[in-house]
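What follows is each chain in one-letter form.
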Amino acid sequence: MADQADVYKYFEPTVQLNNLALSNIHTLASWGVGTAAGILGLTGWNGFIFFVVNWIAISALVFFVKCGGNPSVYFKSSFMDVAGTPMLNTLLSYVLVWTLMHALVYIYD
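Residues numbered from 1 in each chain as written. Predicted model: local features only at pLDDT ≥ 70, side-chain atom pairs only at ≥ 80, totals over all residues. Heavy atoms only, no water.

Going by an unreviewed UniProt entry, the chain carries the name ER membrane protein complex subunit 6 and comes from Coemansia thaxteri. As stated in UniProt under Subcellular location (unreviewed entry), the record for the chain gives "Endoplasmic reticulum membrane". Recorded in UniProt for the chain, the comment headed Sequence similarities (unreviewed entry) runs: "Belongs to the EMC6 family." (UniProt positions renumbered as here; feature names shortened; annotations may be inferred.)

Structural data, given as structure tokens:
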């Protein structure tokens with residue numbers, strides 16, 4: 001049975017608010033990174049490598065700066081909430097903005 005302290009460790013509305021703020025950070029960052037990749041003319045694997053490198057940098061910033069190196073205070077599954085879970089959703093937004101900006105800058109010259 002779960003310990004009484006573990007049951008009341010997190011206040012669910014606050015955790016949901018933290019997840020929403022984190023989702024907004026990742027979404028806006030993916031738009032910015034996608035715009036940069038499109039303007040820089042990155043294509044193929046170079047664009048995906050650019051995404052992964054920036055994803056690591058943004059996740060590290062959130063992990064160390066916003067969470068103070070201890071995300072378990074703000075999220076239930078600490079590292080996966082900060083870095084792992086929203087990656088695929090953000091990747092879709094990144095690819096959308098990346099291809100749009102690349103098309104606007106290079107194809108319709």
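Chemist: Can you lay out helix 5 (residues 87–107) for me, pointing to particular residues and giving the numbers?
Modeler: Each α-helix turn comprises 3.6 residues. Residues three or four places apart therefore point the same way. With 21 residues, helix 5 extends 28 Å between its outermost C-alpha atoms, agreeing within 8% with the 30 Å of an ideal straight helix rising 1.5 Å per residue. Along helix 5, the residues that are buried comprise Thr90, Ser93, Tyr94, Val97, Trp98, Met101, His102 and Ala103. On its buried face, helix 5 sits against helix 2 (12–40) and helix 3 (45–66). (Helix = DSSP H or I, 4+ residues; strand = E, 2+ residues; numbered from the N terminus. Expected span 1.5 Å × (residues − 1). Buried < 20%, exposed > 50% of the residue type's maximum accessible area, 1.4 Å probe, protein only. Contact = heavy atoms within 4.5 Å.)

Chemist: Provide a residue-level description of the nonpolar core, including the pertinent values.
Modeler: Judged by nonpolar contacts, Ala29, Val33, Ala37, Phe51, Trp55, Ile58, Tyr94 and Trp98 together constitute the single largest core of eight residues. When contributions to this core are tallied by element, the ones reaching two or more residues are helix 2, helix 3 and helix 5. Val62, Phe63, Phe75 and Val82 belong to the second largest nonpolar core, which has six residues in total. (Core = buried A, V, L, I, M, F, W, Y, C linked by side-chain atoms within 4.5 Å.)

Chemist: Describe a nonpolar patch on the surface, naming the residues involved and giving the relevant values.
Modeler: A cluster of nonpolar side chains, contributed by Leu100, Leu104, Tyr106, Ile107 and Tyr108, occupies part of the molecular surface with about 580 Å² of accessible area. Mapped onto the secondary structure, Leu104 falls in helix 5. (Patch = residues over 30% accessible without salt bridge, like charges linked within 9 Å, V, L, I, M, F, W, Y side chains within 5 Å. Areas by Shrake-Rupley, 256 points an atom, 1.4 Å probe, with all protein chains shown as cover. Salt bridge = Lys/Arg side-chain N within 4 Å of Asp/Glu carboxyl O.)

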